[in-house]
Amino acid sequence: MPVTFTFGEFLGARSVIGTTLAELGDVHENLWVITPDIGATLVEFRDKFPDRFLDVGLAEQVSVGIAAGLAYDGNIPVVSGMLPFLSMRALEQIRTDVCYPNLPVKIIGTHGGLVGNGGSTHYAVEDLSLMCSLTNMTVTSIGDPLMVGEILRQSMSMRGPLYIRLAVGKKDMVLYEPGEHDIRIGKGIVARQGTDATIFTHGTTVAQAIQAAEQLAEDGRSIRVVDMFTLKPIDEALILECAEETGGRFVVLEDHLAYGGLATRIADVLADRGVHLTAFERLGIPQVYAGFGEDEQLRDKHGYGLSATVAALRRVLAAG
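About the criteria used
Residues numbered from 1 in each chain as written. Predicted model: local features only at pLDDT ≥ 70, side-chain atom pairs only at ≥ 80, totals over all residues. Heavy atoms only, no water. Helix = DSSP H or I, 4+ residues; strand = E, 2+ residues; numbered from the N terminus. Rg over C-alpha atoms; globule rule 2.2 N^0.38 Å. Buried < 20%, exposed > 50% of the residue type's maximum accessible area, 1.4 Å probe, protein only. Contact = heavy atoms within 4.5 Å. Areas by Shrake-Rupley, 256 points an atom, 1.4 Å probe, with all protein chains shown as cover. Axes fitted to C-alpha atoms, helices over the stretch in contact; angles between N-to-C directions. Parallel < 35°, antiparallel > 145°, perpendicular 65-115°, else oblique. Nonpolar A, V, L, I, M, F, W, Y, C, P; charged D, E, K, R; others polar. Phe/Tyr/Trp six-rings, centres within 6.5 Å; stacked < 30°, edge-to-face > 60°. Lys NZ or Arg CZ within 6 Å of the ring centre and 35° of its normal. Expected span 1.5 Å × (residues − 1). Salt bridge = Lys/Arg side-chain N within 4 Å of Asp/Glu carboxyl O. Pairing = 2+ DSSP bridges. Disulfide = S-S within 2.5 Å. Right-handed = clockwise from strand over helix to strand, strands pointing away.

(A) Seen up close, the overall build of the protein. When its secondary structure is counted, the protein shows 12 helices and 14 strands. A globule of 320 residues ought to have a C-alpha radius of gyration of about 20 Å, and the protein, at 19 Å, matches this closely. Viewed in the frame of its principal axes, the protein has a C-alpha envelope of about 60 × 40 × 35 Å. For the protein, the residues scored as buried account for 57% of the 320 residues in total. Long-range contacts, defined as pairs at least 24 residues apart, comprise 77% of the intrachain contacts of the protein with a sequence gap of at least 6. Carbon and sulfur atoms make up 50% of the accessible area of the protein, which totals about 13,200 Å².

This is how it looks when you write it as structure tokens:
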């Protein structure tokens, strides 16, 4: 029986990964799980299907190479680890061994953005830019822990590779009621309706965007919040719809470098389609190594915390 959670409650995305993979292992006898020594939350799959579980130790390149080999043999491999290392240390293997032959390898991991207080070596802040640049790669960034299970289930029928970005995954806010939205890879979610401006976001900052919209609602302003959890392929139709329906006023908020991530992909869509906005602001990590600190502390320090988000929305509302 599925457990029901409501907005504001907390649930670990890692636990959802473990239980979902164990369930999927019953249905898909060719499902394999590989980890570079980050397997504590995969014990359910490991104990249930020990012959289809591999812990290769701290060797991300090896985990991706093995996954590619298993996929060539008709299997569905999932590589689960820490994204700062999977996205960069194993980038060549992902590009050449997985994306080039368009294999159904799923790469899922934690520490996307300035989370975990691990310092700049342990933050994945360039990863979305890198993954979106790879041919054949589908790229997602998920904030709601319950969505992780749904995306994993959908991914079983995908032909090519998939990247799933999470935060720390130990204590994640539930954003949506089960069945509240039609969650489909490649389609954004309108998390909150609005007509005056749109804030696009993904992953850990979705909850912050909703909070900012609620603050402005107290002033009578109507802010649309879009959870663009799939960055590639991006939902172009939804971007164009928001440009038309919310006054051409956009703010993009993300726990990633301000250039190269979601804001860049949205700007590309607008430029390619010749769409002129009234106002456009991007909030994200500047070109600095962010250092140590808690999530909210680092967002405030680097100019994309809650107060900065509210201020950016006020600026775009005043434009034109």
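And the narrative resumes.
(B) Inspection of the packing of helix α3 (residues 60-72) against helix α5 (residues 91-99) at higher detail. Running from amino to carboxyl end, α3 crosses α5 at an angle of 5°, the nearest separation of the two axes being 9 Å. One way to sum up the angle between α3 and α5 is to call them roughly parallel. In this structure, α3 contributes Q61, V64, G65 and A68 to the contact, and α5 contributes Q93, I94, D97 and V98. Residue composition of the contact of α3 with α5, by class: four nonpolar, three polar and one charged.

(C) Spatial organisation of unusual backbone geometry. Of the consecutive residues K232 and P233, the connecting peptide bond is found in the cis state with omega at -5°. Looking at the secondary structure, you find P233 in the loop between β12 (230-232) and α9 (236-245). Although it is not a glycine, N102 adopts a positive phi angle of roughly 55°. N102 sits in the partly exposed class, given a relative accessible area of 29%. A positive phi angle, near 55°, is found at N117, a position not held by glycine.

(D) Spatial organisation of the packing of aromatic side chains. One pass over the structure, following the stated rule, counts two aromatic pairs. Here the aromatic rings of F45 and F49 are separated by 5.1 Å at their centres, their planes lie at 50°, and the arrangement is tilted. Summarising the aromatic geometry, the rings of F200 and F250 are spaced 4.8 Å apart at their centres and angled 70° between planes, so their arrangement reads as edge-to-face. Of this pair, F200 sits in strand β10 (residues 197-201) while F250 sits in strand β13 (residues 249-257), and the two are 50 residues apart along the sequence. Across the pair, exposure class does not vary: F200 and F250 are buried alike. Sitting over the face of the ring of F49, R52 holds its NZ or CZ atom 4.3 Å from the ring centroid.

(E) Fine view of helix α12 (residues 306-318). Compared with the 18 Å implied by 1.5 Å per residue over 13 residues, the 19 Å span of α12 between its first and last C-alpha is a close match. Elements that come into contact with the buried residues of α12 comprise β10, α8 (206-217), β11 (223-227), β13 and β14 (279-285). Two residues or fewer after α12 comes G320, characterised by a positive phi angle close to 75°.

(F) Up close: the pattern of salt bridges. Applying the stated criterion across every chain, the model contains 11 salt bridges. One salt bridge in this structure joins R224 and E245, with 3.0 Å as the shortest N-O distance. Of this pair, R224 sits in strand β11 while E245 sits in helix α9, and the two are 21 residues apart along the sequence. The class of E245 is partly exposed, set by a relative accessible area of 41%.

(G) Region of interest: the sheet that holds β13. Taking strand neighbours across the sheet as the criterion, the five strands line up as β9-β11-β10-β13-β14 in an open arrangement whose pairing is mixed. Whereas interior strands pair on both sides, the edge strands pair on one side only; in this sheet they are β9 (189-192) and β14. Here the average twist between neighbouring strands, direction ignored, is 25°. Examined bridge by bridge, β10 and β13 share four bridges and lie parallel to one another. Within the sheet, the bridge partner assigned to T198 lies in β13 and is F250.

(H) View of the sheet that holds strand β2 (residues 31-35). Taken together, seven strands build an open sheet; the order of strands is β3-β2-β4-β5-β7-β6-β12 and the sheet is mixed. Whereas interior strands pair on both sides, the edge strands pair on one side only; in this sheet they are β3 (53-55) and β12. Shown here is a sheet whose adjacent strand axes are inclined to one another by a mean of 20°, direction ignored. The pairing of strand β6 (residues 138-141) with β12 spans two bridges and is classified as antiparallel. Paired with V139 across the strands is K232, a residue of β12.

(I) Inspection of the state of the cysteines at higher detail. The tally for this structure, following the rule as stated, stands at zero disulfides. The thiol of C99 is not disulfide-bonded; the next cysteine sulfur, from C132, is found 11 Å away. On the basis of relative accessibility, which here comes to 3%, the residue C99 falls in the buried class. Cysteine C242 is unpaired, with the sulfur of C132 as its nearest cysteine sulfur at 19 Å. By relative accessible area, which is 0% here, C242 ends up buried.

(J) Highlighting the pairing of β2. Burial analysis of β2 places five of its five residues in the buried class, which makes it a mostly covered element. Residues L31, V33 and T35 line one face of β2 and the alternating positions W32 and I34 line the opposite face, and both faces are buried. The pairing of β2 with strand β4 (residues 76-82) spans four bridges and is classified as parallel. Residue pairing across strands places W32 opposite P77, the latter belonging to β4. Taking the sense of rotation as the criterion, the β-α-β connection linking β2, helix α2 (residues 43-48) and β3 turns out right-handed.

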